[in-house]
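A structural walkthrough
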Amino acid sequence: QVYLVESGGGLVQAGGSLRLACEASGLTLSSYNMGWFRQAPGKEREFAAAISRSGGSSYYADSVKGRFTISGDNALNTVYLQMNDLKPEDTAVYYCAASVGWYSSPRQINEWDYWGQGTQVTVSS
């Protein structure tokens, strides 16, 4: 079975930073595209960032580009989301996702095959 376990969420002041981690089991990180989505209260789950299985291509939502960085560590089978200059609008549950491949775009929820249970990020003003 594939398991994705997120960690690193918490409460941070605006302008601060957090680093989320997604530890994967049951899959080899280098064989999967990985991504992060987030869901704020009352809103739909939205794309935040993704990285291709090769690690050569990264994708970001416009709302986080320049502030968030996605990366992976194959040795630890872990994907990270470094979040800098956090804003209150970044408050959401952040979900890790894995895909064997993208038919269209990593921004689409239906492109993803496996999901973690999420970790809460709260940014205070």
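Presented here is an overview of the structure given in this document. (Residues numbered from 1 in each chain as written. Predicted model: local features only at pLDDT ≥ 70, side-chain atom pairs only at ≥ 80, totals over all residues. Heavy atoms only, no water.)

**Some words on the environment of threonine 91**
Along the chain, threonine 91 falls in the loop between β8 (78-83) and β9 (92-99). Overall, the relative accessible area of 19% leaves threonine 91 in the buried class. Counting along the chain gives 78 residues from threonine 91 to glutamine 13, while the straight-line C-alpha distance between them is 11 Å. Discounting chain neighbours no more than four positions away, the residues touching threonine 91 are Ala40, Pro41, Gln120, Val121, Thr122 and Val123. Among the polar contacts listed, one links the side chain of threonine 91 to the backbone oxygen of proline 88, at a separation of 2.9 Å. (Helix = DSSP H or I, 4+ residues; strand = E, 2+ residues; numbered from the N terminus. Buried < 20%, exposed > 50% of the residue type's maximum accessible area, 1.4 Å probe, protein only. Contact = heavy atoms within 4.5 Å. Polar contact = N/O pair within 3.5 Å; in protein donor to acceptor, adjacent residues only side chain to side chain.)

**What to know about the pairing of strand β7 (residues 68-73)**
Looking along a regular strand, one sees side chains alternate from face to face of the sheet. One ladder, built from six bridges, connects β7 with β8; its direction is antiparallel. Residue pairing in the sheet places phenylalanine 68 in a bridge with methionine 83 of β8. Linking two consecutive strands that pair antiparallel, namely β7 and β8, is a turn of four residues; a positive phi of about 50 degrees is found at asparagine 77 within it. (Pairing = 2+ DSSP bridges.)

**Digging into the state of the cysteines**
Applying the stated rule across the entire model yields one disulfide. One disulfide bridge connects cysteine 22 with cysteine 96, the sulfur atoms lying 2.0 Å from each other. In this structure, the disulfide formed by cysteine 22 and cysteine 96 twists by about -75 degrees around the S-S bond and is classed as left-handed. Taken together, the residues span a long stretch of sequence, with cysteine 22 in strand β3 (residues 18-25) and cysteine 96 in strand β9 at a distance of 74 residues. (Disulfide = S-S within 2.5 Å.)

**Some remarks on the sheet that holds β3**
Through backbone hydrogen bonds, the strands of a sheet pair up, either in parallel or in antiparallel fashion. With antiparallel pairing, the four strands of this open sheet are ordered in space as β1-β3-β8-β7. Of all the strands in the sheet, the pair left with one neighbour each is β1 (3-7) and β7. Across the sheet, the axes of successive neighbouring strands diverge by a mean angle of 15 degrees, strand direction being ignored. Pairing geometry for β3 and β8, over six bridges, is antiparallel. Its bridge partner being in β8, alanine 21 is matched across the sheet by tyrosine 80. (Axes fitted to C-alpha atoms, helices over the stretch in contact; angles between N-to-C directions.)

**Re the side chain of arginine 38**
Relative to the helices and strands, arginine 38 resides in strand β4 (residues 33-39). At 3.3 Å, the side chain of arginine 38 and the side chain of serine 63 are in polar contact. Within the structure, arginine 38 has its side chain in polar contact with the side chain of aspartate 90 (distance 2.8 Å). Once residues lying within four places of it in the same chain are set aside, the contact partners of arginine 38 are Glu44, Arg45, Glu46, Ser63, Val64, Phe68, Glu89, Asp90, Ala92, Val93 and Tyr94.

**Here we look at the environment of serine 124**
Following the sequence through the fold, serine 124 ends up in strand β11 (residues 119-124). A relative accessible area of 27% places serine 124 in the partly exposed class. Taking the C-alpha atoms as reference points, serine 124 and glycine 16, separated by 108 residues in sequence, lie 9.7 Å from one another. Beyond its immediate sequence surroundings of up to four residues, serine 124 is in contact with Leu11, Val12, Gln13 and Ala14.

The analysis is restricted to geometry; functional conclusions fall outside its scope.
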